[in-house]
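# What the coordinates show
Chain by chain, the residues:
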Amino acid sequence: YQGQYDWLTHTFRYGGADLMMQEIRECFKVDVTRYVRVNFATFEQIINSVGGVDIELSELEYLGLTNQVRTNAVAKADVHVGMNHLDGYDALQYARLRYIDNDWHRIERQRDVMQSVFQQLKKLNLLELNSLLDEVLPLVQTNLTDGDITNLLLLAPKLMNAEIMEKTIPESGTYGSMTGMGGRSMFAVDFAQNAQILKDFLYAGAA
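Cut-off values and rules
Residues numbered from 1 in each chain as written. Predicted model: local features only at pLDDT ≥ 70, side-chain atom pairs only at ≥ 80, totals over all residues. Heavy atoms only, no water. Helix = DSSP H or I, 4+ residues; strand = E, 2+ residues; numbered from the N terminus. Buried < 20%, exposed > 50% of the residue type's maximum accessible area, 1.4 Å probe, protein only. Core = buried A, V, L, I, M, F, W, Y, C linked by side-chain atoms within 4.5 Å. Contact = heavy atoms within 4.5 Å. Salt bridge = Lys/Arg side-chain N within 4 Å of Asp/Glu carboxyl O.

Attention shifts here to the environment of Pro138. Relative to the helices and strands, Pro138 is located in the loop between α6 (126–136) and β4 (141–142). Taking relative accessible area as the criterion, Pro138 reaches 64% and is therefore assigned exposed. Expressed as a C-alpha distance, the spacing of Pro138 and Thr42, which sit 96 residues apart in the sequence, is 9.7 Å.

It is worth spelling out the nonpolar core at this point. By size, the foremost hydrophobic cluster in this structure holds 29 residues, and its most contacted members are Tyr94 and Val113. Looking at this core, the elements that each hand over two or more residues are α2 (40–49), β2 (53–57), α4 (88–96), α5 (103–121), α6 and α7 (146–160). When residues no more than four places from it in sequence are discounted, the contact partners of Val113 are Phe43, Ile47, Val53, Ile55, Ala91, Tyr94 and Ala95.

Another point: the pattern of salt bridges. For the structure on display, the rule yields seven salt bridges. Between Asp101 and Arg109 there is a salt bridge; the shortest N-O distance is 2.9 Å. The partner of Lys167 in a salt bridge is Glu171, and the shortest N-O contact between them spans 2.4 Å. Judged by its relative accessible area of 32%, Lys167 falls in the partly exposed class. Sharing partners across several salt bridges, the network here consists of Glu61, Asp101 and Arg109.

The values reported here are purely geometric and, on their own, carry no functional implication.
Spelled out as structure tokens, the structure:
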């Protein structure tokens, strides 16, 4: 595929997690060396393990999840406009909603789910977190070592009180459009500019 372009998400298909991390390092100059891979079934189980998530639905999202407008995902539960408590299956449907708006909004929905999971985790004590890890870790693929996981668990009390900051890359005004392999529509990204934007965001306030 030399000289051709494809979606970054397809990198995993070509070379697994190692190639995905390599591409992120090359494109965004971020020293990523660890990964956690979660499939749809695991996604559902993780959310069920934390007791579900609270998600606020817009009218358009409600219409999609109730199959009243064209989409790719329909909820099993009776949902409504406003705040809903979703189990793993319906949270996955919400996160996957397509066609009702655009990819930027779909990314926002995925981040909403992650934020809500984090809020649920804040309610757990260290023993409960350890029990949750025992349940969840066998369901994921990762190159984190047992030592890495233990260190993260010991940091959990501090991490739970941390503020989550978000950033969308590529930033508006730093990309155009192009056609890639198979006629796929793609962003023509200024990677050097976005690498600097990402670096500034990640290390803001660092001495």
